[in-house]
Amino acid sequence: MSWLSTKRFYLKRMSWPPSPSQSQFLPKPNERNILITSALPYVNNVPHLGNIIGCVLSADVFARFARLRGYNTLYVCGTDEYGTATETKALEEKISCQELCDKYHKIHDEVYKWFDVDFDFFGRTTTKEQTKITQDIFKKLDKNGFILEDSMTQLYCPQHNSFLADRFVEGICPYCNKDGARGDQCDSCGHLINAVELKEPKCKLDGATPVVRSSDHLFLELGKLQEKCEGWVEKSSSEGKWSSNGVTITNSWLKEGLKPRCITRDLKWGTTVPRPGYEHKVFYVWFDACIGYPSITANYTPQWEKWWKNPEHVQLYQFMGKDNVPFHTVVFPSSLIGTGEAWTMLHHISTTEYLQYEGTKFSKSKGVGVFGNNVMESGIPVEVWRYYLLSSRPETNDSQFLWAELIAANNNILLANFGNYINRVIKFLAAKYDSTVPTYKTTEAPEAALIADVNAFLSEYVQSLESVKIRAALKVVMDISARGNQYLQESKLDNTLFSSNRARCDNVLGLAINLCYLLAALIYPYMPTTCESVLKQLNLPQRTISDTWTGDDVLPGHRVGFAEYLFKKIDEARVEELRARYGGKESETSGAAAATAAQPEKVGKKDKGGAGKEKAKTGTPAPAEAPASKKKAKAAAATAGLNEVPEGVAKTPEMGEIETKIKAQGELVRKLKTEKASAEDVKKAVDELLALKTRLGDLVAQASK
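Keep in mind the model is a prediction, meaning the values are calculated, not measured.

I keep staring at the overall build of the chain and nothing clicks. Help me out?
A count of helical and extended segments in the chain gives 24 helices and 17 strands. Counting all 705 residues of the chain, 55% fall into the buried class. Once local pairs closer than 6 in sequence are excluded, the contacts in the chain between residues at least 24 apart make up 78%. For the chain, the exposed area adds up to about 30,900 Å²; of that, 51% sits on carbon and sulfur atoms.

Would you mind showing me how to read helix α6 (residues 244-256) here?
Because each turn of an α-helix spans 3.6 residues, side chains separated by three or four positions in sequence point in the same direction. Given a rise of 1.5 Å per residue, 13 residues ought to cover 18 Å, and the 19 Å separating the end C-alpha atoms of α6 matches this to within 8%. Those residues of α6 that sit buried are Asn245, Gly246, Thr250 and Leu254. All buried residues of α6 project into a common sector of 170 degrees when viewed along the axis, lining one side. For α6, the exposed residues set more than 90 degrees away from the buried face come down to Ser244, Thr248, Lys255 and Glu256. Tucked inside the fold, the buried residues of α6 contact α5 (222-239), α10 (325-339) and β15 (346-352). Looking at the residues trailing α6, positive phi occurs at Gly257, about 90 degrees.

How do you make sense of the packing of helix α1 (residues 49-68) against helix α12 (residues 382-391) when you look at a structure like this?
Helix-helix packing is described using two parameters, namely the angle between the two axes and the distance between the axes. Look at α1 against α12: their axes get within 10 Å of each other, and the N-to-C directions meet at 100 degrees. Taken together, the axes of α1 and α12 lie roughly perpendicular to each other. Of the residues in α12, those in contact with Leu49, Ile53, Leu57, Asp60, Val61 and Arg64 of α1 are Trp385, Arg386, Leu389 and Leu390. Grouping the amino acids of the contact of α1 with α12 by side-chain chemistry returns seven nonpolar, no polar and three charged.

Would you mind showing me how to read the pairing of strand β8 (residues 179-182) here?
A regular strand carries its side chains on alternate faces of the sheet. For strand β7 (residues 169-172) and β8, the ladder comprises three bridges, and the chain directions are antiparallel. Note that in β8 the partner of Gly171 across the bridge is Ala181. Here β7 hands over to β8 after six residues, with Asn177 in that stretch at a positive phi of 65 degrees.

What's the story with the packing of aromatic side chains in this structure? I'm lost.
Centre-to-centre distance and the angle between the planes together describe a pair of aromatic rings. The full count for this structure, using the stated rule, is 25 aromatic pairs. Between the aromatic rings of Phe119 and Phe122, the centroid separation amounts to 5.0 Å while the plane-to-plane angle is 25 degrees, which identifies the pairing as stacked. Here the two residues Phe119 and Phe122 agree in accessibility, since each one is buried. Relative to Phe327, the ring of Trp286 has its centre 4.1 Å away and its plane inclined at 15 degrees; by these criteria the two rings are stacked. You can see Trp286 sitting in helix α7 (residues 285-288) and its partner Phe327 sitting in helix α10, a full 41 residues away along the chain. Trp286 sits in the partly exposed class, given a relative accessible area of 21%. Using a relative accessible area of 11% as the deciding quantity, one classes Phe327 as buried.

It is not clear to me how the pattern of salt bridges should be interpreted in this structure. Could you clarify?
If charged atoms from side chains of opposite charge come close, those side chains can pair. For the structure shown, the criterion picks out 35 salt bridges. One salt bridge in this structure joins Asp142 and Arg275, with 3.0 Å as the shortest N-O distance. On the criterion of sequence distance, the pair formed by Asp142 in helix α4 (residues 128-143) and Arg275 in the loop between β12 (264-265) and β13 (282-283) is long-range, its members being 133 residues apart. Between Glu341 and Lys309 there is a salt bridge, with the nearest N and O atoms lying 3.2 Å from each other. With Glu341 in the loop between α10 and β15 and Lys309 in the loop between α9 (305-308) and β14 (314-321), the pair connects residues that are 32 residues apart, well separated along the chain. Residues joined by salt bridges that share partners form a network here, namely Asp136, Lys140, Glu305, Lys309 and Glu341.

What counts, and at which threshold
Residues numbered from 1 in each chain as written. Predicted model: local features only at pLDDT ≥ 70, side-chain atom pairs only at ≥ 80, totals over all residues. Heavy atoms only, no water. Helix = DSSP H or I, 4+ residues; strand = E, 2+ residues; numbered from the N terminus. Buried < 20%, exposed > 50% of the residue type's maximum accessible area, 1.4 Å probe, protein only. Contact = heavy atoms within 4.5 Å. Areas by Shrake-Rupley, 256 points an atom, 1.4 Å probe, with all protein chains shown as cover. Expected span 1.5 Å × (residues − 1). Arc of directions from axis to C-beta. Axes fitted to C-alpha atoms, helices over the stretch in contact; angles between N-to-C directions. Parallel < 35°, antiparallel > 145°, perpendicular 65-115°, else oblique. Nonpolar A, V, L, I, M, F, W, Y, C, P; charged D, E, K, R; others polar. Pairing = 2+ DSSP bridges. Phe/Tyr/Trp six-rings, centres within 6.5 Å; stacked < 30°, edge-to-face > 60°. Salt bridge = Lys/Arg side-chain N within 4 Å of Asp/Glu carboxyl O.

The values reported here are purely geometric and, on their own, carry no functional implication.
Structural data, given as structure tokens:
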């Protein structure tokens, strides 16, 4: 049996504040020990979907997978609470920095709990442990000669007698001459700015005109650490198989040559600097933010060094968006190297590109996009959100969140493929076998073929997740359930088979129920509540994720539970409603027009009902028609890309997935045109649509040979 015997699976995650009675997981000798972190979400706002998929949700999938593989796994995260952004937001909301952090830490915690993110511990950086560990690292760097003292020219407000952090000053951009540029960047033209370069600068706190003054600061001499950092990067990126954009971004920093980096700021809210003369300064958030990982672990267990100073026995996996890469692959590792201690260093970095919302950027201030609190109020189940976000994870390129695509994913993939298979098998077992698994054989040709195919898929799934290719492994799960639907169709599992060939029916159902059990385990990292529902229906404990599948885990005589639907159809009419609700002010005028223009083209009469409707219910591939129809489909595919799979061609899961993307991308193109987006944005969306159509045409042509 491949059942999970440890109690580890059933334990609930820890959150702030920690309880002394909570169990603690420590590295174990002679076992694979995996330490997982996701980029600490900043505490000054509600997380949006891009934040969630880029960090915490992706790491959650890998953590759940590692646990079901039997690896000793610890997944920690928490809110990043120090820095300028916190002070700025606290001033806006007219509350103290601590009150702001308490407020948003709770919001983040609630959002991640709703998403079923299973941290072992979710903490925060405003702790005594953060101060202790940060100051200890600084003192060792200073002792080893890697800290430089120098002065910087900064803007100083004579009204309230304080140096101004970059975000506390605004003025006219020196590049585009637009007003409202911050002291670090102009949002109008995108240029990075030195605050002293601003024209007509004003203090955001009191409107006074600041003056230029000199201020002493401490710098981390990264140049002295470059050689050791480069050697470590070369070794770690190769052994840990870093994501390609992680390697590219890191190498670009190293190629330019590392320079001293300021690690202090003239702020009040932050980790204090243990050096005479710096009593009124704090550490720059990007020096001590990454130190939040070990400090949060220290709040989880006083034996935190067994995880963080154990490089021979612990592998560190870190998840983040691409904009955070250099701080995790250059600044933080160089800081650890500079201490001269044996720290657990990054083994694998998994990064994502940007997730955009319906052709534009997420913007809380403009009301554009879906944020964590919106998701909780949407009425769409968490498993659908998790599936859609993970299936469209921006691993190599930016990806789009599209309401039409989310709803199509639920209706055409989860409901019609995965849900259809599980429900059909368990209902048939209940109706014909009194919910009792019959005696069966797995040695007949059809069963042997299914087992062989599933094992090939299983090997691909395991290899993909071991390499942290999250999206690819999820596609494999849907390929396996599609193969199961094909097996039921080819075996003609129905009342006739039960009455006329009982032994054959026993074999089919016996193997099919075992495949349900395997699918429950494979879907667990992605959709844990779906897994729980399947296990409840099967009346079985959690299964591990093994290297091979023999199809005989569930023994004859086992009684299953009651069949329940895993998913419900979502009305496509909700697309317009949801787009209007979360599209900001622009959607009020353009949402209806875009939705009207986005009606998909119909190909063939059966799309209006009949076979098309039945296919949505069963999720099984349509049988191939006569060779003449195949020739016609092949000819059509050869001349141009396709919107849909033509009649007469058996639709594969990949074809169905691309059909869904074509429909959603077509709606995006029409939306962009309706809203008169830039020619560049429209062209980019059209090119992607044409590429999808061409890919579908190629697949149809191959299938029609």
